[in-house]
Amino acid sequence: MSSHKIQFQYGMSIPEFLSHFGTEAQCAEALKRSRWPKGFRCPKCAGTQHYLVVQGACKLYQCGGCRLQTSLTAGTLMEHTKLPLTTWFLAIDLISQAKTGISALALKRDLGARYPTAWMLHHKINTAMSRQEAARLLGGAVQLDDAHLGGERPGGKPGQGSENKVPFVAAVSPNGAGQPVRLKLDMVSGFTSDAIAKWADRVRHELL
Ligand SMILES: [Zn+2]
């Protein structure tokens, strides 16, 4: 998933935030600026000619060259959403600004949303944030190691294969002098080369 960054100013009050991102048009404009800072560019043929196709509440950008249709939210965690962009933006702001985290229940209250909606937003936004964090942490030459968390239970196999332990990969990002400066822990399905390759592939895609 390509990452389209929208800068939310840290420490902005709710009224200030709403003055910037309080309407669908403001949120759509912010998405458009972050996706196409120099104007529309077709993701398939790189053409700039385009026109708008409106299908109900959904606005699609159709390329004048190859006719590919794309939306402002394509490739973002908001893709195919039925929720207003204002709800997404406010949820992202509330979650990213909460120093000690915010529960799905608190998000439900703050957004005035139904619990399943708040839970879905909470899950998707937190997952995206931890992926970004992983990509940030894994810059530079990264050293990997495997480890297990958890205790033994009677009957469990000893050593790394114990089914009661959680396998994870520890990635250490060193500074220029080779000293470890950042540590990232990621759970994996196991230490098979397939599981590690999948993990590395995921991280590499997040870095693109
Ligand atoms: Zn095109």
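Here we summarise the structure given alongside this text. Not measured: the values here are computed from a predicted model.

Here the focus is the sheet that holds strand β3 (residues 69–70). If you walk across this open sheet you meet the three strands as β1-β2-β3, and the pairing is antiparallel. With one partner strand each, in any of the chains shown, β1 (50–55) and β3 form the two edges of the open sheet. Note: β1 against strand β2 (residues 58–63), six bridges, orientation antiparallel. The partner of V54 across the bridge, within β2, is K59.

Counting residues in hydrophobic clusters, the biggest one holds 29 residues, and the most contacted among them are M78, F89, L107, L111, L121 and I125. Those elements giving two or more residues to this core turn out to be α1 (14–21), α2 (24–35), β2, α3 (85–97), α4 (104–111) and α5 (115–137). In terms of residues, this core owes the most to one element, α3, which gives eight residues. Excluding residues that lie within four positions of it along the chain, L111 makes contacts with T87, L90, A91, L94 and L121.

The next thing to look at is the environment of M78. Residue position: M78 is located in the loop between β3 and α3. M78 sits in the buried class, given a relative accessible area of 5%. A C-alpha to C-alpha distance of 7.5 Å links M78 and W88, two positions ten residues apart in sequence. Aside from chain neighbours lying at most four places away, what touches M78 is L31, T73, L85, W88, F89 and I92.

Of note, T87 is situated in helix α3. On the accessibility criterion, T87 (17% relative accessible area) is buried. Other than its neighbours up to four places away in sequence, T87 contacts L111 and L121.

Right, let's talk about the coordination of the zinc ion for a bit. At 2.3 Å from the zinc ion lie its protein donor atoms, namely C42 (SG), C45 (SG), C63 (SG) and C66 (SG). Coordination at the zinc ion is tetrahedral, judged from the four donor atoms that bind it and the angles of 101 to 117° they form at the metal. Along the chain, the residues that donate to the zinc ion are spaced as C-x2-C-x17-C-x2-C. Note that C45 is positioned in the loop between α2 and β1 and C66 in the loop between β2 and β3, a separation of 21 residues in sequence. We classify C45 as partly exposed; its relative accessible area is 40%.

Next up on the list: the packing of α3 against α4. Two elements in contact, α3 and α4, have axes whose closest approach is 11 Å; the angle formed by their N-to-C orientations is 130°. Judged on the interaxial angle alone, α4 and α3 are oblique. For the pair α3 and α4, the crossing hand works out as right-handed. Contact residues: α3 offers T87, L90, A91, L94 and I95, while α4 offers L107, D110 and L111. Residues that form the contact of α3 with α4 fall into these classes: six nonpolar, one polar and one charged.

What counts as what
Residues numbered from 1 in each chain as written. Predicted model: local features only at pLDDT ≥ 70, side-chain atom pairs only at ≥ 80, totals over all residues. Heavy atoms only, no water. Pairing = 2+ DSSP bridges. Helix = DSSP H or I, 4+ residues; strand = E, 2+ residues; numbered from the N terminus. Core = buried A, V, L, I, M, F, W, Y, C linked by side-chain atoms within 4.5 Å. Buried < 20%, exposed > 50% of the residue type's maximum accessible area, 1.4 Å probe, protein only. Contact = heavy atoms within 4.5 Å. Donors = N, O, S within 2.8 Å, 3.2 Å for Na, K, Ca; no water. Tetrahedral: all angles 85-135°; square planar, octahedral: opposite > 155°, others 65-115°. Axes fitted to C-alpha atoms, helices over the stretch in contact; angles between N-to-C directions. Parallel < 35°, antiparallel > 145°, perpendicular 65-115°, else oblique. Left-handed = near helix turned anticlockwise from the far one by under 90°. Nonpolar A, V, L, I, M, F, W, Y, C, P; charged D, E, K, R; others polar.

Just distances and angles here, no functional claims.
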